[in-house]
Amino acid sequence: MAAGDNWDEDTTATDLPLSEQDALGASGRRACVTVLTGLATGQMYKIERGMTVIGRAPECSVRIVDDGISRNHARLRRDSGGAIVIEDQGSRNGTYVNGQRISAATALSEGDKIQIGRTTVLRFAYQDELDESFHENLLSSALRDPLTKLFNKRYLMDRLDSELKFARRHETSLSLLMIDIDHFKKLNDDHGHLAGDAVLAQLAHALARAVRNEDVVARFGGEELAIVLRAIPIEPAMGLGERLRRLVEQTVTNHQNKQLSATISIGVAGFPSTKAETVEQLIDAADKALYRAKRAGRNRVCQ
């Protein structure tokens, strides 16, 4: 358990089997919660199982990594009458429905607002397939880079700010990897920009698959990517950087009957080894490490 988590309840909810039909409302629409405010703003979660747990723990069905939310904060379930109810799991900061702190199972109605922790607010509603598709497309365009499908810079900066504040408050580790594709301009000049796009997308996909689900992989700009590693000190982050460097070195992109490859340079910075008080200071430290990697000959990891 990370520092600062000792006040959380270690409640573990049992996921009960629920048929596809039972997960739907009387109108055939599926129960969902959408994040209105907080770090995961815009994210929609379907309520598909007998008991859906909301919290910071990796095993939670609705996982929201945000300070002030307990590991197992609240749970949603269907009562004997078919209504969706919410129950607080003994969280430190409480669960509120429409502004009122709840102390017992509370039935939810269309449009109800659920506050968990200090700043995160969810909206409960029923959605049909068209609603879900529209929402997913809207969310993707707001948070994702269209080429690489990674998180975009706006999401990265918001998430990094939240993670740094959490690390400083709870005296835990946080590492940042800044990654640049070596000689990317030459790749574009020699093979065309579509080839460069294909290589960038392929490498982004490989990197995203190689890290933990809770890690944030984002496109910082151009051919530069970033990875945020929560609760990972600088030395393990350096080790991960080296594994990613080797992975990219072995990755081949097939484009118009050509096999293209590239290498990457990685700069690593971390808290508390870097006494960063702001996101900008942490990024600057990682950028300087990246430049050291490039000056040393590229295709390497530096801190």
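Every value quoted in this text rests on a predicted model; they were computed, and no experiment measured them.

Draft legend 1. Spotlight on the packing of aromatic side chains. Counted according to the given criterion, the structure contains 2 aromatic pairs. When the ring of F124 is compared with that of Y126, the centres are 5.3 Å apart and the planes differ by 75°; the resulting orientation is edge-to-face. Comparing F124 with Y126, the two get one shared label, buried. Ring centres of F151 and Y155 lie 4.1 Å apart, and the angle between their planes is 15°; on these two criteria the pair is classed as stacked.

Draft legend 2. Quick look at the pairing of strand β6 (residues 84–88). Of all 5 residues making up β6, 4 are buried, and the element is well covered by its neighbours. In this structure, the hairpin formed by strand β5 (residues 74–78) and β6 is closed by a connection of 5 residues, where G82 is found at a positive phi of approximately 95°. Judged from the 2 bridges that link them, β6 and strand β9 (residues 106–107) form a sheet pairing that is antiparallel. Residue pairing in the sheet places V85 in a bridge with A107 of β9.

Draft legend 3. Representation of the environment of F166. Tracing the backbone through its elements, the reader meets F166 in helix α2 (residues 153–170). Measuring from C-alpha to C-alpha, the distance between F166 and D66 comes to 8.3 Å, with 100 residues separating the pair along the chain.

Draft legend 4. Main features of the environment of L177. Within the fold, L177 resides in strand β12 (residues 174–181). For L177, a relative accessible area of 0% translates into the label buried. Setting aside chain neighbours within four positions, we find L177 in contact with L225, A226, I227, L229, A237, G241, L244, I266, G267 and V268.

Draft legend 5. Summary view of the pattern of salt bridges. Here the structure, examined in full by the defined rule, presents 15 salt bridges. Where D182 meets K294, a salt bridge forms, and the shortest distance between an N and an O atom there is 3.4 Å. One end of the pair, D182, is in the loop between β12 and α3 (184–191); the other, K294, is in helix α6 (residues 279–295), and 112 residues separate them in sequence. As far as burial versus exposure is concerned, D182 and K294 are alike and both buried. Several salt bridges converge on common partners, so that one network encompasses E242, R245, R246 and E249.

Draft legend 6. Spatial organisation of the packing of helix α4 (residues 193–210) against helix α5 (residues 234–249). Interhelical geometry of α4 versus α5 gives an angle of 140° and a closest axis separation of 10 Å. In terms of axis orientation, α4 runs oblique to α5. As α4 runs across α5, the sense of the crossing is right-handed. Here α4 contributes L203, A206, L207 and A210 to the contact with α5, which in turn contributes L244, L247 and V248. Residues that form the contact of α4 with α5 fall into these classes: 7 nonpolar, no polar and no charged.

Draft legend 7. Main features of α6. Its 17 residues give α6 an end-to-end C-alpha distance of 24 Å, which sits within 8% of 24 Å, the value for a rise of 1.5 Å per residue. Buried within α6 are the following residues: V279, L282, I283, A285, A286, D287, A289, L290, A293 and K294. Structurally, α6 contributes buried residues whose contacts are with α2, β12, β13 (216–221), β14 (224–230), β17 (264–271) and β18 (301–302).

Draft legend 8. Highlighting the sheet that holds strand β3 (residues 51–55). In spatial order, the strands read β4-β3-β5-β6-β9; together these 5 strands make up an open sheet with mixed pairing. Both edges of this open sheet fall to β4 (62–63) and β9, since each of them pairs with a single strand only. Here 2 bridges tie β3 to β4, and the two strands are oriented parallel to one another. Paired with I54 across the two strands is V62, which belongs to β4.

Draft legend 9. Structural detail: the pairing of β14. Counted residue by residue, β14 has 7 buried out of 7 residues, so it is predominantly covered. Burial along β14 is two-sided: the face carrying E224, A226, V228 and R230 and the face carrying L225, I227 and L229 are both buried. Looking at chain direction, β12 and β14 are connected through 7 bridges and run antiparallel. Among the inter-strand pairings, L177 is bridged to a residue of β14, identified as I227. Across 5 bridges, the pairing between β13 and β14 is antiparallel. Its bridge partner being in β14, V217 is matched across the sheet by I227. Turn length for the β13-β14 hairpin, with the two strands adjacent in sequence and antiparallel, is 2 residues, and the turn residue G222 shows positive phi of about 55°.

Draft legend 10. Focus on the sheet that holds β17. Read across the open sheet, the 5 strands follow the order β13-β14-β12-β17-β18; overall the sheet is mixed. The sheet terminates laterally at β13 and β18, the two strands that pair on one side only. Together, β12, β13, β14 and β17 form the strand contacts of α2, whose direction differs from that of β13 by roughly 125°. Here α5 sits on the sheet in contact with β12, β14, β17 and β18, set at roughly 165° to β17.

Reading guide: rules and limits
- The written sequence of each chain sets the order in which its residues are numbered from 1.
- With the structure being a predicted model, the display of local features is reserved for residues of pLDDT at least 70 and the display and counting of side-chain atom pairs for 80 or more, all residues being used for whole-chain, interface and lining totals.
- Hydrogens and water molecules were not included; the side-chain quantities draw on all heavy atoms of the structure.
- Centres within 6.5 Å make a pair out of two Phe, Tyr or Trp rings, where for Trp the six-membered ring is used; the pair is then stacked when the planes are under 30 degrees apart, edge-to-face when over 60, and tilted otherwise.
- The classification of residues rests on relative accessible area computed with a 1.4 Å probe and restricted to protein chains. Under 20% of the type maximum is buried, over 50% is exposed, and intermediate values are partly exposed.
- The secondary structure listing takes helices from DSSP runs of H or I that are at least 4 residues long and strands from runs of E that are at least 2 residues long, numbered from the N terminus.
- Whether two strands pair depends on DSSP finding at least two bridges between them.
- Only heavy atoms matter for contacts: two residues are in contact if any of them lie within 4.5 Å across the pair.
- Salt bridge criterion: a side-chain nitrogen from Lys or Arg within 4 Å of a carboxyl oxygen from Asp or Glu.
- For helices, the fitted line uses only the C-alpha atoms of the stretch in contact; every axis is such a line through C-alpha atoms, and the angle between N-to-C directions lies from 0 to 180 degrees.
- Roughly parallel means an angle under 35 degrees; roughly antiparallel means over 145; roughly perpendicular covers 65 to 115; every other angle is labelled oblique.
- Helix crossings are classified by the rotation of the near helix relative to the far one: an anticlockwise turn of less than a right angle makes the crossing left-handed, while a clockwise turn makes it right-handed.
- Nonpolar residues are Ala, Val, Leu, Ile, Met, Phe, Trp, Tyr, Cys and Pro. Charged residues are Asp, Glu, Lys and Arg, and all others, Gly as well, are polar.
- What a helix should span is 1.5 Å times the count of its residues minus one.

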